[in-house]
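Now for the letters of each chain:
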Amino acid sequence: MPEPSIYEKSMPGFANQYIPASPVEQPLESLIPADLMAATPPALPRVSEREVVKHYTRLSQQNFSIDTGFYPLGSCTMKYNPKVNDWAAFLPGLAQIHPYQPDETVQGALALMYELSSALCQITGMKQASLQPAAGAHGELTGILMVRAYHEATGQAEKRRVVLVPDSAHGTNPATATMVGYQVKEVRSNAQGLVDLEHLETLLDDSIAALMLTNPNTVGLFEENILEIAQKVHDAGGLLYYDGANLNAIAGIARPGDMGFDVVHLNLHKTFSTPHGGGGPGCGPVVANDKLAPFLPKPRVAKTGASGMDRYYLDYDCPQSIGRVKGFYGNFGVMVRAYTYIVTLGRDGIRQSSQDAILNANYLRHLLKDHYRASHNDRPCMHEFVVSALKQKKAGSSAYGIAKRLLDYGFHSPTIYWPGIVPEAVMIEPTETETPETLRQFAQALIAIDREIEQDPEFVNHAPNNLTVGRVDEAKAARQPQLTWPQ
Ligand SMILES: *Cc1c(COP(=O)(O)O)cnc(C)c1O
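Residues numbered from 1 in each chain as written. Predicted model: local features only at pLDDT ≥ 70, side-chain atom pairs only at ≥ 80, totals over all residues. Heavy atoms only, no water.

Draft legend 1. Looking closely at the side chain of aspartate 450. As for its position among the elements, aspartate 450 is in helix 13 (residues 436-455). Judged by relative accessible area, which is 5%, aspartate 450 ranks as buried. Residues within four places of aspartate 450 in sequence aside, it is in contact with His371, Tyr372, Lys391 and Gln392. (Helix = DSSP H or I, 4+ residues; strand = E, 2+ residues; numbered from the N terminus. Buried < 20%, exposed > 50% of the residue type's maximum accessible area, 1.4 Å probe, protein only. Contact = heavy atoms within 4.5 Å.)

Draft legend 2. Spotlight on the environment of isoleucine 97. Topologically, isoleucine 97 is positioned in the loop between helix 3 (92-95) and helix 4 (107-124). Here the alpha-carbon distance between isoleucine 97 and threonine 57, two residues 40 residues apart in the chain, equals 31 Å. With residues up to four places along the chain from it excluded, the contact list for isoleucine 97 reads Pro92, Val106, Ala109 and Phe332.

Draft legend 3. Summary view of the pattern of salt bridges. With the rule as written, the count across this model stands at 19 salt bridges. We note a salt bridge from aspartate 67 to lysine 83, for which the minimum N-O separation is 2.9 Å. In this pair, aspartate 67 is assigned in the loop between helix 1 (49-62) and helix 2 (83-89) and lysine 83 in helix 2, connecting sequence segments 16 residues apart. For lysine 127, the salt bridge is made with aspartate 290, and the minimal N-O distance between the two is 3.5 Å. Residue lysine 127 is located in the loop between helix 4 and strand 1 (128-130), and its partner aspartate 290 is located in the loop between strand 7 (286-288) and strand 8 (300-304); the two are separated by 163 residues in the primary sequence. Counted as one network, the salt bridges with shared partners bring together Glu201, Glu228 and Lys232. (Salt bridge = Lys/Arg side-chain N within 4 Å of Asp/Glu carboxyl O.)

Draft legend 4. Structural detail: the layout of surface pockets. The space that makes up the largest pocket amounts to roughly 1,500 Å³. Contributions of two or more residues to the lining of the largest pocket are made by helix 1, helix 12 (399-408) and helix 15 (474-479). Class assignment for the residues of the lining of the largest pocket results in 15 nonpolar, 14 polar and 6 charged. Its volume calculated, the second largest pocket comes out at about 420 Å³. Along the wall of the second largest pocket there are 24 residues; nearest its centre are Leu94, Ile97, Pro99, Tyr329 and Phe332. Going through the elements one at a time, helix 3, helix 4 and helix 10 (332-368) are the ones with two or more residues in the lining of the second largest pocket. Considered class by class, the residues forming the lining of the second largest pocket number 16 nonpolar, 5 polar and 3 charged. (1 Å grid on protein atoms, 1.4 Å probe; cavity = no way out; pocket = protein on both sides within 12 Å on 5 of 7 lines; lining within 4 Å. Points joined across faces, edges and corners; volume = space filled by probe spheres on them. Nonpolar A, V, L, I, M, F, W, Y, C, P; charged D, E, K, R; others polar.)

Draft legend 5. The pairing of strand 11 (residues 385-388), seen in detail. Residues Phe385 and Val387 line one face of strand 11 and the alternating positions Val386 and Ser388 line the opposite face, and both faces are buried. As judged from the 2 bridges shared by strand 10 (residues 373-374) and strand 11, these two strands associate in the antiparallel manner. Paired with alanine 374 across the strands is valine 387, a residue of strand 11. Here strand 11 pairs with strand 13 (residues 425-428) via 4 bridges, running antiparallel. (Pairing = 2+ DSSP bridges.)

Draft legend 6. Structural detail: the state of the cysteines. One pass over the structure, following the stated rule, counts 0 disulfides. A disulfide-free cysteine, cysteine 318 has its sulfur positioned 14 Å from the sulfur of cysteine 121, the nearest such atom. Using a relative accessible area of 7% as the deciding quantity, one classes cysteine 318 as buried. (Disulfide = S-S within 2.5 Å.)

Draft legend 7. Structural detail: the packing of helix 4 against helix 10. Where helix 4 meets helix 10, the closest approach of the two axes is 10 Å, and the angle between their N-to-C directions is 50°. Here helix 10 runs oblique to helix 4, going by the angle between their axes. Judged by the sense of rotation from one axis to the other, the crossing of helix 4 with helix 10 is left-handed. For the pair helix 4 and helix 10, contact is made by Ala109, Leu112, Met113, Glu115, Leu116, Ala119, Leu120, Gln122 and Ile123 and by Phe332, Met335, Val336, Ala338, Tyr339, Ile342, Arg347 and Ile350, respectively. (Axes fitted to C-alpha atoms, helices over the stretch in contact; angles between N-to-C directions. Parallel < 35°, antiparallel > 145°, perpendicular 65-115°, else oblique. Left-handed = near helix turned anticlockwise from the far one by under 90°.)

Draft legend 8. Layout of the UniProt feature "domain: Glycine dehydrogenase C-terminal" (unreviewed entry) in the chain. When the UniProt feature table is mapped onto this chain, "domain: Glycine dehydrogenase C-terminal" (unreviewed entry) is found at residues 354-455. Structurally, residues 354-455 comprises 49% helix and 12% strand, and the distance from its first C-alpha atom to its last is 39 Å. (UniProt positions renumbered as here; feature names shortened; annotations may be inferred.)

Draft legend 9. Expanded view of helix 6 (residues 172-179). Taken as a whole, helix 6 has its buried residues at Asn173, Thr176 and Ala177. Angular distribution of buried residues about the axis of helix 6 spans 95°; they occupy a single face of the element. In this structure, the buried residues of helix 6 make contact with helix 5 (136-153), strand 2 (162-166), strand 3 (183-187), strand 4 (208-213) and strand 5 (239-244). Glycine 181 lies just past helix 6 and shows a positive phi near 100°. (Arc of directions from axis to C-beta.)

Draft legend 10. Representation of a nonpolar patch on the surface. A cluster of nonpolar side chains, namely Val24, Leu31, Ile32, Leu36 and Met37, defines an oily patch on the protein surface of about 440 Å² accessible area. Among the structural elements, valine 24 can be located in the segment before helix 1. We classify valine 24 as partly exposed; its relative accessible area is 41%. (Patch = residues over 30% accessible without salt bridge, like charges linked within 9 Å, V, L, I, M, F, W, Y side chains within 5 Å. Areas by Shrake-Rupley, 256 points an atom, 1.4 Å probe, with all protein chains shown as cover.)

Draft legend 11. Up close: the pairing of strand 9 (residues 311-315). As paired strands, strand 8 and strand 9 are joined by 5 bridges and run antiparallel to one another. Its bridge partner lying in strand 9, lysine 303 is registered against tyrosine 312. The antiparallel hairpin formed by strand 8 and strand 9 contains 6 residues in its connecting segment, where glycine 305 sits at a positive phi of about 95°.

Draft legend 12. Broad picture of unusual backbone geometry. Residues lysine 298 and proline 299 are joined by a peptide bond in cis, for which omega reads 0°. Considering the arrangement of structural elements, one finds proline 299 in the loop between strand 7 and strand 8. Geometrically, the link from alanine 463 to proline 464 is a cis peptide bond, its omega value of 5° lying close to zero. Tracing the backbone through its elements, the reader meets proline 464 in the loop between helix 14 (457-461) and helix 15. One non-glycine residue, serine 75, adopts positive backbone phi at about 65°.

Printed below as a string of structure tokens:
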């Protein structure tokens, strides 16, 4: 049974006078122009405060959240975020500063941004950072604008019109390159799920501006030939862009800078501890090597003064910068969380969390291997893995059915039907924050669903069977959402 709306709970005669009388002596009517005055009062539900609290608390409990359950959404890194990071972000000295305050009065905030930038450079093996971009896709746009600025500065922008993107790439990669005005060419994956080097070679010439890559790639495999790929792209005069949205497998272990990448974006709201999934705010910093650093957005947080007498300031003197990409300096609260996260974990802790993420993914992959087919031969994965539900499709259900039935078992669905190179893809990212017990329970649920499909696929095809809301028209819900109660 769907929860009745707060309007259906309305009872005539119930008080709803929670808005205190105006302390202004002058009647409100005389302050508001007549043509802006509503003729009738709003049709608010007549419910007691008690009913309102019950209603919304119950609704919030029907929501699935990372705090209430396992959320193995591949390529999204839905991990538990320690509450201490939220505590730091809410410290009044950080939360209540105003972006127009003079530099001298916000030295702590500037120092935090400076130190965070430096930590992200160390983690990625890069030289300079900008914390401005508000999301991963925004970071990509920034990075590819920097690529374009570089080719303009070296007089090659006219001929370098192509950005290469693997067929397994996240959809934002080709979208980003297209937005910056590049032609996108797809690089095929080989049978192992890695970049097809021979195909890459046929695409490399002086029309190439950049190759966008993520490593580990979206099927959760490490591009072993990355040094050779980087060499070939650089030899052709192109640049290497690293999509670092999901750094959970390599942070503290391997650095994009050492692999040959020139510019990287990170998702602080995936890897570095800002809860996400609700649409923001996020933070997608861009880090660059010496070659591309001059083109980073401005202003940049800089430091002067003898040691112990540091003074931080915003540096606008960056003549080759692509300019500002975000109002003020980006989403500061996300930066505080990331900084707290990095400082509390330290170098060893960050490496440990990556190792645990890889261990968890491989353990889960192992538990499932007799029931769900691996996307590409059974190689060890990094922080996530993809299985193909073709067997379950033949038995009359689908990746979609499995995802919906998992909800009945109390688990959030994995990512499905992506990456597109895997038929009936189910992409599972357990993250480092789950216990072996949770992983075993999840595997048991998936194995039980496999059995259900063999016995009665229609039952699975009608799932979820136990939840308040069944199957919804997802396209309609996204395109024509009804956000108010129809009266
Ligand atoms: C999530 C993700 C992005 C985009 O990040 P947003 O913050 O959602 O814009 C880009 N690339 C990869 C590989 C991702 O997983």
